[in-house]
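# Descriptive structure summary
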Amino acid sequence: MKFADATTADFPNFENKPLNPNLCEPRKINFQFNNIPKLWLNNNSALTHFFNAMNLFLPAFEGFMVRVMRNQLPRIQNTELEAPIRGFIKQEATHGQTHQKYNKILEAQGYKFKTALKIADFFFTEVLEKYLSPKMCLALIAGFENMTTIISYIVLKSNMLVTANPTMRSLWEWHAAEEIEHSGLAFKFLNYVDNRYRIRILGGLLGTVMVIGAIVVGMALLIMQDQSLTNQKTFHDLRKFLFTEYKFLPLTLKHLTPYFKLEFNPKSEDLYQYGEKVFLNI
Ligand SMILES: [Fe+2]
Ligand SMILES: [Fe+2]
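Residues numbered from 1 in each chain as written. Chains lettered and ligands numbered in written order. Predicted model: local features only at pLDDT ≥ 70, side-chain atom pairs only at ≥ 80, totals over all residues. Heavy atoms only, no water.

- As annotated in an unreviewed UniProt entry, the protein carries the name Metal-dependent hydrolase and comes from Dulcicalothrix desertica PCC 7102.

Below you can see the structure in the form of structure tokens.
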């Protein structure tokens, strides 16, 4: 099912509609992935494959979120959460479809990852959706979303994509900005349905491990196929990404810890400026 593809291209890659966290309507998009170089981010294998790794698994993660949240919608019917959560679901469906489209480009570039994606799909549909309760699935989604908010914030604040191929820069900035727009909503959904601390913590832990695990597996898979694993430059770029220039690891840990405190409440308002920067072209 298609949600927000544009029929006519009156904008380059996505519609510059201002942030509206009360509705979270998906923007029309028009991504054409033509002539994307293999190392599309400044010829940097670590950074390119950080984003490519997320691209691999996002359709599986986002498909899971869409199915679970759609099934749980009756629980928030006629509440103030209903409209933004409906928007959230449409945004995630559009993200998943777009990243699936880019996975075809990665395949055409010669990368092999079909088995890894099959395992991921099996894990979501045949394990998590069958054996976890719907509430636990919501807690897991709140954990994923906490991670995607942190990653989006780090990426947008650091201008990590400024030297990227323009289409790929647009793809990831659009996705990160919509993540910021709907940030905190999965937490509110969970809290409305079940506000026990232990379910949030369990979902948060499992969700964090799964997001980090997918990124690590995806990066290893792609970097190995580039045969750049033993390359000095790759190690140098990885170190810059994780510890020195972008400080991805310490920043992620710093922003992750508040989620596990009893009194945690997402402060999405503080982040909206980073999403607005993308959609208002500032
Ligand atoms: Fe998303
Ligand atoms: Fe999201």
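Text resumes after the structure shown.
## Points about the nonpolar core
- The biggest cluster of nonpolar side chains holds 90 residues, and the ones touching the most others in it are Trp40, Phe50, Phe51 and Phe64.
- Setting aside chain neighbours within four positions, we find Trp40 in contact with Thr48, Phe51, Asn52, Tyr102, Leu161, Ala164, Asn165, Met168 and Trp172. (Core = buried A, V, L, I, M, F, W, Y, C linked by side-chain atoms within 4.5 Å. Buried < 20%, exposed > 50% of the residue type's maximum accessible area, 1.4 Å probe, protein only. Contact = heavy atoms within 4.5 Å.)

## Brief notes about the environment of Leu138
- Tracing the backbone shows Leu138 in helix α4 (residues 134-158).
- Leu138 gets classed as buried once you look at its relative accessible area, which sits at 2%.
- For the pair Leu138 and Ala186, spaced 48 residues apart in the sequence, the C-alpha separation amounts to 7.3 Å.
- With residues near it in sequence (within four places) discarded, Leu138 still touches Val68, Met69, Gln72, Phe189, Leu190 and Val193. (Helix = DSSP H or I, 4+ residues; strand = E, 2+ residues; numbered from the N terminus.)

## Looking at the coordination of the iron ion (ligand 1)
- Looking at the iron ion (ligand 1), the protein donor atoms are Glu62 (OE), Glu92 (OE), His95 (ND1), His175 (NE2) and Glu179 (OE), and they sit 2.0 to 2.2 Å from it.
- Donor residues for the iron ion (ligand 1) sit on one chain with the sequence pattern E-x29-E-x2-H-x79-H-x3-E.
- Between the iron ion (ligand 1) and the iron ion (ligand 2), a separation of 3.8 Å is found, and both are coordinated by Glu92. In this pair, Glu92 and His95 are both assigned in helix α2 (residues 82-108), three residues apart and thus about one turn of the helix distant. You'll find Glu92 and His95 in the same group, each marked buried. (Donors = N, O, S within 2.8 Å, 3.2 Å for Na, K, Ca; no water.)

## Regarding unusual backbone geometry
- Of note in the backbone geometry, Cys24 takes a positive phi value of approximately 50° without being a glycine.
- Along the polypeptide, Cys24 turns up in the segment before α1 (45-72).
- With phi around 60°, Asn78 is a residue other than glycine that occupies positive phi space.
- Topologically, Asn78 is positioned in the loop between α1 and α2.
- The class for Asn78 is exposed, based on a relative accessible area of 72%.

## So, the side chain of Glu179
- Assignment of secondary structure puts Glu179 in helix α5 (residues 166-181).
- Despite its burial, Glu179 pairs with no opposite charge; the closest candidate is Arg27, at 10 Å N-O.
- A polar atom in the side chain of Glu179 sits 3.3 Å from the side chain of His95.
- Residue contacts for Glu179: discarding those within four places in its chain leaves Glu62, Glu92, His95, Glu145, Thr148, Thr149 and Ser152. (Lys, Arg positive; Asp, Glu negative; His and termini not counted. Salt bridge = Lys/Arg side-chain N within 4 Å of Asp/Glu carboxyl O. Polar contact = N/O pair within 3.5 Å; in protein donor to acceptor, adjacent residues only side chain to side chain.)

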